Amino acid sequence: MFALTFLGTSASVPSAERNHPALLVEAAGKRILIDCGEGTQRQLLRSGAGFRRLDRVLLTHAHLDHVLGIPGLFSTLGLRQSAEVMTVHGGQGTLDVVIRMLAGLWGAGGAPIAVEFVALTEGQVIDAGDFTIACFPVRHRDTDSLGFVFQSPARRHLRPERLEALGVPDGPVRGELAAGRAVVIADRAVDPEEVLGPPSGGRKLVVIGDIETTDGLSNYVADADMLVIEATFLERDAATARNYGHLTAAEAAAFAAANNVRQLVLTHMSGRYEDDEILAEAARIFPNTGIAADFDHIVI
């Protein structure tokens with residue numbers, strides 16, 4: 001299960017309703033921040049999420065609307081005397097920008113808290129056991145931008161009716177079968193295949209920040225339970241979208257439809273449009289589309 005809290009859903013200019021980009025993802029007791037636009041620390045408080053157990057930031061790219069909130073967040077964590085090490089992941093160019101920004105504020109130490117910087121290219125970011133995070137490169141102007149795939153494995157669960165029929169008692173024996181190991185009950189071997197149901201419960205979440213083209217990204221997005229992606233422009237302004245390295249709502253919807261995505265959530269909203277306009281354009285192509293608002297909470 002992945003729980004998403006949208007902390008900022010604006011494009012480059014914030015509005016009274018939408019803060020700069022940030023998304024909190026929670027899974028298996030871990031809390032991960034994707035991007036940290038200006039004011040993110042206040043959004044964490046307003047959402048009720050707070051700062052506890054927040055020890056990892058994934059950065060899609062280095063544009064300031066996605067990273068300017070880092071100094072404020074780190075300053076607050078320093079005042080709270082957080083003992084946890086904050087790990088910041090991003091492309092090397094993105095990390096260079098953040099490191100210079102922090103050094104300009106606090107000198108060579110770079111931050112009032114312990115920070116570890118981990119440069120990413122393509123591949124696995126972490127394996128947390130109950131879920132993994134991988135990253136992949138995307139194109140957005142002159143940045144080393146990344147998208148992220150959160151995936152939890154499908155699991156096979158014990159079938160109670162089969163356990164009862166075969167006389168498998170409660171306790172460690174069932175644990176052995178759940179782990180895929182055969183057991184012996186009353187001189188009869190019971191194979192896990194006799195009591196395990198089909199795989200179920202795996203989830204796939206894909207989060208993409210600013211992006212100018214979806215070409216070549218199908219392998220990463222295919223069959224996702226949810227795709228979170230920008231839709232900064234409408235199709236009538238497609239030429240402007242190209243100039244600034246962004247997608248239209250129609251393009252985002254077509255990408256979801258072509259890759260068997262189950263649910264599409266659009267973010268990075270431009271203040272030049274009404275939400276209803278954006279939703280109408282996307283939903284004509286991909287009906288299961290929603291538009292994220294600040295403080296929306298979605299569980300998959």
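Please refer to the structure higher up on the page.
The structure displayed is predicted, hence computed values, not measured ones.

Undergrad: Explain the sheet that holds strand 5 (residues 86–90) to me, and be specific about the residues and the numbers.
TA: Pairing in this open sheet of seven strands is mixed, and the strands run 6-5-4-3-2-1-16 from one edge to the other. Of all strands in the sheet, those with a lone pairing partner are strand 6 (115–119) and strand 16 (297–299), marking the two edges. With strand direction ignored, the average angle separating the axes of adjacent strands in the sheet is 20°. Two elements, strand 1 (residues 3–8) and strand 16, share three bridges in a ladder whose sense is antiparallel. Residue pairing for strand 16: Ala 3 is matched across the bridge by Val 299. Helix-sheet contacts for helix 3 (residues 70–79) involve strand 3 (30–34), strand 4 (54–58), strand 5 and strand 6, and the interaxial angle to strand 5 is about 165°.

Undergrad: Before we move on, could you go through the pairing of strand 5 and cite the residues and values that matter?
TA: Taking burial as the measure, the five residues of strand 5 include five buried ones, the bulk of the element. Residues Met 86, Val 88 and Gly 90 point to one face of strand 5 and Thr 87 and His 89 to the other, with burial holding for every one of them. Bridge analysis of strand 4 against strand 5 gives three bridges, and the strand direction is parallel. Note that in strand 5 the partner of Arg 56 across the bridge is Thr 87. As paired elements, strand 5 and strand 6 share five bridges and run parallel to each other. Note that in strand 6 the partner of Thr 87 across the bridge is Glu 116. A crossover links strand 5 with its parallel partner strand 6, the connecting element being helix 4 (residues 92–106), and its sense is right-handed.

Undergrad: Describe the environment of Leu 217, naming the residues involved and giving the relevant values.
TA: Checked against the element boundaries, Leu 217 lands in the loop between strand 12 (203–208) and helix 7 (218–221). Leu 217 sits 38 residues away from Phe 255 along the chain, and the two C-alpha atoms are 9.2 Å apart. The contacts of Leu 217, once residues within four sequence positions are left out, are Phe 136, Pro 137, Val 138, Ile 211 and Phe 255.

Undergrad: So what's going on with empty space enclosed by the protein? Which residues, and what values?
TA: Inspection of the entire model under this criterion finds one cavity of 30 Å³ or more. Approximately 160 Å³ is the volume found for the largest cavity. Lining the largest cavity are 18 residues, and of these Pro 21, Asp 35, Ile 208, Gly 209 and Thr 267 sit closest to its centre. Only strand 1, strand 2 (22–27), strand 12 and strand 13 (226–230) provide two or more residues apiece to the lining of the largest cavity. Across the lining of the largest cavity, the residue classes break down as eight nonpolar, seven polar and three charged.

Undergrad: Quick rundown of the pattern of salt bridges? Include the residues and the values.
TA: Using the criterion set out here, one finds 12 salt bridges in the structure. In this structure, Asp 130 and Arg 155 form a salt bridge, with 3.3 Å as the shortest nitrogen-oxygen distance. You can see Asp 130 sitting in the loop between strand 7 (123–127) and strand 8 (132–138) and its partner Arg 155 sitting in the loop between strand 9 (145–152) and helix 5 (160–165), a full 25 residues away along the chain. Classification of Arg 155 as partly exposed rests on a relative accessible area of 39%. The salt bridge partner of Asp 170 is Arg 174, with a shortest N-O separation of 3.0 Å.

About the thresholds
- Residues numbered from 1 in each chain as written.
- Predicted model: local features only at pLDDT ≥ 70, side-chain atom pairs only at ≥ 80, totals over all residues.
- Heavy atoms only, no water.
- Pairing = 2+ DSSP bridges.
- Helix = DSSP H or I, 4+ residues; strand = E, 2+ residues; numbered from the N terminus.
- Axes fitted to C-alpha atoms, helices over the stretch in contact; angles between N-to-C directions.
- Contact = heavy atoms within 4.5 Å.
- Buried < 20%, exposed > 50% of the residue type's maximum accessible area, 1.4 Å probe, protein only.
- Right-handed = clockwise from strand over helix to strand, strands pointing away.
- 1 Å grid on protein atoms, 1.4 Å probe; cavity = no way out; pocket = protein on both sides within 12 Å on 5 of 7 lines; lining within 4 Å.
- Points joined across faces, edges and corners; volume = space filled by probe spheres on them.
- Nonpolar A, V, L, I, M, F, W, Y, C, P; charged D, E, K, R; others polar.
- Salt bridge = Lys/Arg side-chain N within 4 Å of Asp/Glu carboxyl O.

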